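# Close look at the chain arrangement
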Amino acid sequence: MSRTRVHVFVSGRVQGVYYRATTRDTAREQGVDGWVKNLDDGRVEAVFEGNEEAVEAMIDFCHEGSKRADVTGVEVSYEDPEGLDGFEVRW
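Summarised in this report is the structure supplied together with it. (Residues numbered from 1 in each chain as written. Predicted model: local features only at pLDDT ≥ 70, side-chain atom pairs only at ≥ 80, totals over all residues. Heavy atoms only, no water.)

## Observations concerning the environment of G83
- Position of G83 relative to the elements: it lies in the loop between β4 (70–79) and β5 (87–89).
- By relative accessible area, G83 is classed as exposed at 54%.
- When the C-alpha positions of G83 and T4 are compared, they lie 9.9 Å apart, and in sequence the two are 79 residues distant. (Helix = DSSP H or I, 4+ residues; strand = E, 2+ residues; numbered from the N terminus. Buried < 20%, exposed > 50% of the residue type's maximum accessible area, 1.4 Å probe, protein only.)

Written out as structure tokens, the structure is:
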């Protein structure tokens, strides 16, 4: 199976609103590997690896995020997969 990897930066009110936890839970439901973390500038950064359909679903999710989030922008870049296994919240 072919794997796809994306690196995502999400802007808006995305910290302190369960964005990372909801991203982790959604990624695990989709069977996507990777990680998510808060950045000092108020954005959230994430990497998703998996089959193309599941990774695209995660990109779609990033535009909405958690119920309390207010997403104003999502930057996506495609990269070569690195073989990540599992999904984690990074600090």
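## Section: the packing of helix α1 (residues 19–30) against helix α2 (residues 52–62)
- In contact at an axis separation of 10 Å, α1 and α2 are set at 155° when each is read in the N-to-C sense. When the axes of α1 and α2 are compared, the pair comes out roughly antiparallel. Between α1 and α2 lies a crossing whose hand is right-handed. Listed contacts from α2 to Y19, T22, T23, T26, A27 and Q30 of α1 are A54, A57, M58, F61 and C62.
- Across the contact of α1 with α2, the residue classes tally to seven nonpolar, four polar and no charged. (Axes fitted to C-alpha atoms, helices over the stretch in contact; angles between N-to-C directions. Parallel < 35°, antiparallel > 145°, perpendicular 65-115°, else oblique. Left-handed = near helix turned anticlockwise from the far one by under 90°. Contact = heavy atoms within 4.5 Å. Nonpolar A, V, L, I, M, F, W, Y, C, P; charged D, E, K, R; others polar.)

Any functional reading would require information that these geometric values do not contain.
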